[in-house]
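Chains, contacts and geometry: an overview
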Amino acid sequence: MKKTFLFVDILKAIILFYSTGVSASVPHKTVTSSVNKPVEMVGKKNVEEKFIANLMAKMTLEEKIGQLSQYVGREFLTGPKSGELSDSLLERGMVGSILNVGGVVNLRNIQEENMQKSRLKIPILFAFDVIHGFKTIYPTPLAESCSWDLDLMYRTAKSAAIEASASGIQWTFAPMVDIARDARWGRIVEGAGEDTYLGCKIAEARVKGFQWNLWHPNALIACAKHFAAYGAPQAGRDYAPVDMSNATLAEVYLPPFKACVDAGVQTFMASFNDINGIPATGNKWLLTELLRNRWHFKGFVVSDWNGVIQLKTQAVVEDENDAAALALNSGLDMDMTDGLFNACLANAVQNGSVSVSTIDVAVKRVLSIKYRLGLFDNPYRFFNTERERKVVKNAERMQIAKEAALKSIVLLKNENKTLPLSKSVKKIALIGPLADNQSEVMGSWKACGDEKDVISVYCGLKSKLGTGIKILCVQGCDFSDRSKQGFAEAMKVAQESDIVIAVLGEKALMSGESRSRAFLSLPGVQQQLLDTLKTTGKPIVTVLMNGRPLVLSEVEKASDAILETWFLGTLAGNAIADILVGDYNPSGKLTTSFPRAEGQIPNYYNYKRSGRPGNMEKTSTMRHIDLRNENLYPFGYGLSYTQYRYDNFVCPKTFDDKGKLPVSVNITNTGEYDGEETVQLYVSDLVATMVRPEKELKQFKKVFIPRGQTVRVDIELDARELGYWTNDMEYKLEPGDFAVMIGPNSRDLLCKNVTLKTIPVDLPNKQ
Ligand code: NOJ
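Residues numbered from 1 in each chain as written. Predicted model: local features only at pLDDT ≥ 70, side-chain atom pairs only at ≥ 80, totals over all residues. Heavy atoms only, no water.

Here we come to the overall build of the protein chain. Across its full length, the protein chain carries 23 helices and 25 strands. At 27 Å, the protein chain has a C-alpha radius of gyration in line with the 27 Å of a compact globule built from 767 residues. With respect to the principal axes defined by its C-alpha atoms, the protein chain has extents near 75 × 65 × 45 Å. For the protein chain, buried positions account for 61% of its 767 residues. Considering only residue pairs separated by 6 or more positions, the protein chain has 78% of its internal contacts joining residues 24 or more positions apart. (Helix = DSSP H or I, 4+ residues; strand = E, 2+ residues; numbered from the N terminus. Rg over C-alpha atoms; globule rule 2.2 N^0.38 Å. Buried < 20%, exposed > 50% of the residue type's maximum accessible area, 1.4 Å probe, protein only. Contact = heavy atoms within 4.5 Å.)

Taken together, 13 residues lie around the ligand, and Asp 129, Arg 187, Lys 225, His 226 and Asp 304 are the ones closest in. Here Arg 187 contributes a side-chain N or O atom positioned 2.6 Å from an oxygen atom of the ligand. With respect to the ligand, the side chain of Asp 304 contributes an N or O atom lying 2.5 Å from an oxygen atom. Counted by class, the shell around the ligand contains six nonpolar, two polar and five charged residues. (Near = heavy atom within 4 Å. Polar contact = N/O pair within 3.5 Å; in protein donor to acceptor, adjacent residues only side chain to side chain. Nonpolar A, V, L, I, M, F, W, Y, C, P; charged D, E, K, R; others polar.)

Now for the environment of Leu 419. Counting through the fold element by element, Leu 419 comes out in the loop between strand S11 (410–414) and strand S12 (427–431). Along the primary structure Leu 419 and Gln 310 are separated by 109 residues, whereas in three dimensions their C-alpha atoms are 51 Å apart. Leave out the neighbours within four places in its chain, and Leu 419 touches Leu 411, Asn 414, Val 541, Ala 561, Leu 563, Leu 580 and Tyr 641.

Okay, the side chain of Glu 190 next. Note that Glu 190 resides in the loop between strand S4 (171–172) and helix H9 (196–210). Classification of Glu 190 as buried rests on a relative accessible area of 2%. At 2.7 Å, the side chain of Glu 190 forms a polar contact with the side chain of Arg 187. Beyond its immediate chain neighbours, meaning those up to four positions away, Glu 190 contacts Pro 141, Met 176, Lys 225, Ser 444, Trp 445, Gly 512 and Glu 513.

We now examine the pairing of S12. Within a regular strand, side chains alternate between the sheet's two faces. With respect to burial, S12 is a largely interior element, four of its five residues being buried. Across five bridges, the pairing between S12 and strand S13 (residues 470–474) is parallel. Counterpart to Ile 428 in the pairing with S13 is Ile 471. In the classification by handedness, the crossover that spans S12, the intervening helix H19 (residues 457–465) and the parallel S13 is right-handed. Examined bridge by bridge, S12 and strand S14 (residues 499–505) share four bridges and lie parallel to one another. Bridging across to S14, Ala 429 finds its partner in Val 500. (Pairing = 2+ DSSP bridges. Right-handed = clockwise from strand over helix to strand, strands pointing away.)

Another point: the pattern of salt bridges. Counting across every chain of the model gives 48 salt bridges. A salt bridge links Arg 92 to Glu 62; the nearest nitrogen and oxygen atoms lie 2.7 Å apart. Remark: Glu 62 occurs in helix H4 (residues 61–67) and Arg 92 occurs in the loop between helix H5 (87–91) and strand S2 (97–99); sequence separation between them is 30 residues. Owing to a relative accessible area of 33%, Glu 62 belongs among the partly exposed residues under this scheme. (Salt bridge = Lys/Arg side-chain N within 4 Å of Asp/Glu carboxyl O.)

Across the sheet, which stays open at both edges, the three strands sit in the order S17-S18-S21 with antiparallel pairing between neighbours. Every other strand in the sheet has two partners, leaving strand S17 (644–650) and strand S21 (710–718) as the edge strands with one partner each. When the angles between neighbouring strand axes are averaged without regard to direction, this sheet yields 25°. (Axes fitted to C-alpha atoms, helices over the stretch in contact; angles between N-to-C directions.)

Now for the packing of helix H18 (residues 395–408) against helix H23 (residues 572–581). Two elements in contact, H18 and H23, have axes separated by 8 Å at closest approach and are oriented at 50°. With respect to each other, H18 and H23 are oriented oblique. Of the two elements, H18 crosses H23, and the hand of that crossing is right-handed. Contact residues: H18 offers Lys 402, Ala 405 and Leu 406, while H23 offers Asn 574, Ala 575, Asp 578 and Ile 579. In terms of residue class, the contact of H18 with H23 is made up of four nonpolar, one polar and two charged. (Parallel < 35°, antiparallel > 145°, perpendicular 65-115°, else oblique. Left-handed = near helix turned anticlockwise from the far one by under 90°.)

So, on to the nonpolar core. Counting residues in hydrophobic clusters, the biggest one holds 116 residues, and the most contacted among them are Trp 171, Phe 227, Phe 268 and Phe 341. Per-element accounting of this core gives the leading share, seven residues, to helix H16 (residues 356–372). Ala 490, Leu 522, Leu 529 and Ala 558 belong to the second largest nonpolar core, which has 42 residues in total. (Core = buried A, V, L, I, M, F, W, Y, C linked by side-chain atoms within 4.5 Å.)

A separate point is the environment of Tyr 605. Tracing the backbone through its elements, the reader meets Tyr 605 in the loop between H23 and S17. Along the chain, Tyr 605 and Val 679 lie 74 residues apart, while their C-alpha atoms are 17 Å from each other. Dropping the residues within four chain positions of it, Tyr 605 is found in contact with Glu 194, Asp 195, Ser 593, Phe 635, Tyr 682, Lys 695, Glu 696, Leu 697 and Ser 746.

Scope: geometric values only; no functional claims are made or implied.
Below, the structure is given as structure tokens:
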């Protein structure tokens, strides 16, 4: 709904001015002075406990339940709708948290109103989906994962936290750590790809980045979501049921969440799906037994949007009352948006289905986070328009945005050294619906990003190339409509030019929540456009923007070079231009396999062994009769403008008695450019009680190698990482032979065998 300033709003601002000593748009005095003030109470557990106990002693049951209720922000008192914040809720102290309201002034208005109207004046906690940036937009998480640069991911999360917290936000619903092996699932764009080992490292980096200065007003508290297995919906349809073995759950989908707990994440979000028939929102084993009792998570758990009422739609309860009671009793602390806790929990206490002590435990968890954030000390602590002015979209944010965009790009094909652009190119045909687009490149969670700040490919290339090289930019066709009207003009500029750069792909919201697709080729007539351009005989560079792996078999045939740029955010155009002209040598590697056809899905690299290994030529093997098994582009794959040779792989024959295995390999940069290579180490358990994957990533290292030089890379493998999960959810490591593989991607590997004679005594009990 559009925000309108009414007379009543102006009146309200005047009243606020006189009643609080501040106008709605001027920072509160205490805010400026408290920005750098440490929260003295943090770490003083007794003081905190006493404070919370005193406060809770004053709270009515209704006020307690209110702390467990989160609402969507209303736009300037437009009145209550279902799940929306209303005046009376604020007055009754029944709003614990608000999500997705942007702008210091709006947040301040709500907080001030809360502080004036509610009896106990418990500050509201403000949350926002800060997924890949707030106002400065960074590459989508999937894009950024292709950098394999953990420090970078820490820094983008930190930078987003600095920017969002300066705008009054305290809590982000990120990182999403769902492993995804299905490109049809639109939310694959929000995660770190298909691999659990890499997913754990990235989860840790992102949690630590958002929470870099935890409890201070320039950091955010993070939220590990969506707990759990949300990335494995049947047929890749968002919100679909999840059915899997305990072993797969424990081995593939749970570890990134555990990594978040270990990294100190403060909140969790329960997922929409059921796991083997039990909805996550009402799953006591998941939310209490695993998360609390085994992992010792101390923060609080929020539902996903209307997740509590959905227990009724999932038909595991008869009515709303039972839904609220089941969720709370299972270990859910906060109800997002459906208002069911507020509507039902007091009755549930009366009829005995919920105990006050269960409510108290949840309330304490929420109040403790507010306390540590210093909100009781100063509820306006995060609102500081001066700091907002200084940090938002400043040079530091932009520098990180550019670096992240550069490192996220993956070069998929480069025949005849089509890229970087040759000096002889004088005229470029820049064609496609994304060639001069500023809004789609921000991706699926653009938060408060403004397309006016975004550099399109056309603008990036124009400012890079100056006036010496002509760029003829036309759209050619739209994203998904079938009109070919623009083809003639596209052909004309292609014929006139030395090279064609086709910028094709998906709209931002063809991936993301509720954006599953059954067909994964280029939408609309974009493939036909590309095929038509190919008939000109000009070299074709395809620049792709998309939120998921696409089926690129036809794009591959029509292109001399392919750059996968995903959605890169604010400085997309600058980064793409740098790579096109060779000012930056691409170094990204895929974190998700690209299928040849939709029928291959799920098509991850770490498949378990079959008793009849796949062979396209042979019947009765694990294959499709009409398509070879191998992915078009495997996990870990990505080219460079230079070439690397791997040799002299040294690996001892056995693990040492501490369970360590030091391996090393030479990598020589044999090409013409300096470059950064990601060395990947995979392991396979050659005989185990359970069927094991052909290979699993266990380590990686990024190394810079100047052209013509050789670098020796040392990696130490730890046997403790080589175990697996049983269906009884036990972590097991068996002695015997393992294959250790090293190389530039999951396909092209040097291999040695090694024996593990004795199991380390300190084998971690991982759950
Ligand atoms: C629903 C999404 O599933 C979740 O990821 C998001 O954080 C919430 N909506 C809040 O916007």
